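Geometric and topological summary
Single-letter residue listing:
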Amino acid sequence: RSDPLPPEALLAHAAWLRRLAEVLTRGDADAEDLVQETWLAALRSPPRDDRPARAWLAEVLRNARRMRARAGARRVYYSVRPSRSTSQRRSSGP
C-alpha cells in the first residue's frame, strides 16, 4: 500500500496548477477559486505516492470546474423558471 503524498510534493506544482486554472477559465477570476478548492481537496484527501501529482491535481481542478459550472447552470435554471405558485395563478385565470 502506498502512502499519501506530502503537501510539499504537491506545492511544488503550485505555479503549474495556477497556469492550468487560468487556461481552463480563460483568465477568469474563478481561476484562483479553483486553485484554492484543489488545495482543500488535497488536504482532505491527498493522492497516494504511486500516482503522478500533476495528473491528480489536474483531475481535481477539472472536477472542481465542472462542479462550479453545474452549480451555475442550476442557479440560472431556477432563477428564470417561474415558481410553481406563479404558474398556478396564471393558469387559474381571473
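All values derive from a computational prediction rather than experimental measurement.

The rules behind these values
- Residues numbered from 1 in each chain as written.
- Predicted model: local features only at pLDDT ≥ 70, side-chain atom pairs only at ≥ 80, totals over all residues.
- Heavy atoms only, no water.
- Helix = DSSP H or I, 4+ residues; strand = E, 2+ residues; numbered from the N terminus.
- Buried < 20%, exposed > 50% of the residue type's maximum accessible area, 1.4 Å probe, protein only.
- Areas by Shrake-Rupley, 256 points an atom, 1.4 Å probe, with all protein chains shown as cover.
- Core = buried A, V, L, I, M, F, W, Y, C linked by side-chain atoms within 4.5 Å.
- Contact = heavy atoms within 4.5 Å.
- pLDDT = per-residue confidence, 0-100.
- Salt bridge = Lys/Arg side-chain N within 4 Å of Asp/Glu carboxyl O.

Things to note about the overall build of the protein chain
Per the secondary structure count, the protein chain includes five helices and zero strands. Seen in sequence order, the protein chain has helices and strands lined up from the N terminus as α-α-α-α-α. The 94 residues of the protein chain split such that 27% are buried. Carbon together with sulfur atoms contributes 53% to the accessible area of the protein chain, which is approximately 6,900 Å² in total.

Here we look at the nonpolar core
By size, the foremost hydrophobic cluster in this structure holds 19 residues, and its most contacted members are Leu 10, Trp 16, Leu 17, Leu 20, Trp 39, Leu 57 and Leu 61. The set of elements that each furnish at least two residues to this core consists of α2 (14–24), α3 (30–44) and α4 (53–80). Excluding residues within four positions of it along the chain, Leu 17 makes contact with Val 35, Thr 38, Trp 39, Leu 57 and Leu 61.

Observations regarding the confidence of the model for the protein chain
Here the protein chain averages 83 in pLDDT, while 78% of its residues score no lower than 70. Across the protein chain, element-level confidence peaks in α2 with a mean pLDDT of 95 and bottoms out in helix α5 (residues 84–92) with 56.

What to know about the pattern of salt bridges
In total, this model carries six salt bridges according to the counting rule given. Of the charged contacts in the structure, one is a salt bridge between Arg 18 and Glu 22, with a shortest N-O distance of 3.1 Å. With Arg 18 and Glu 22 both in helix α2 and four residues apart, this pair spans about one turn of that helix. Look at Glu 22 and you get partly exposed, because its relative accessible area is 32%. Asp 33 is the partner of Arg 68 in a salt bridge, and the nearest nitrogen-oxygen pair spans 3.6 Å. Pair noted here: Arg 68 is in helix α4 and Asp 33 is in helix α3, with a separation of 35 residues, a long-range link. Exposure remark for Asp 33: the relative accessible area of 34% places this residue in the partly exposed category. Counted as one network, the salt bridges with shared partners bring together Asp 30, Asp 33, Glu 37 and Arg 68.

Focus on the side chain of Thr 38
You can see Thr 38 is positioned in helix α3. Given a relative accessible area of 0%, Thr 38 falls into the buried group. Those residues in contact with Thr 38 that lie beyond four places of it in its chain are Leu 17, Leu 57, Val 60 and Leu 61.

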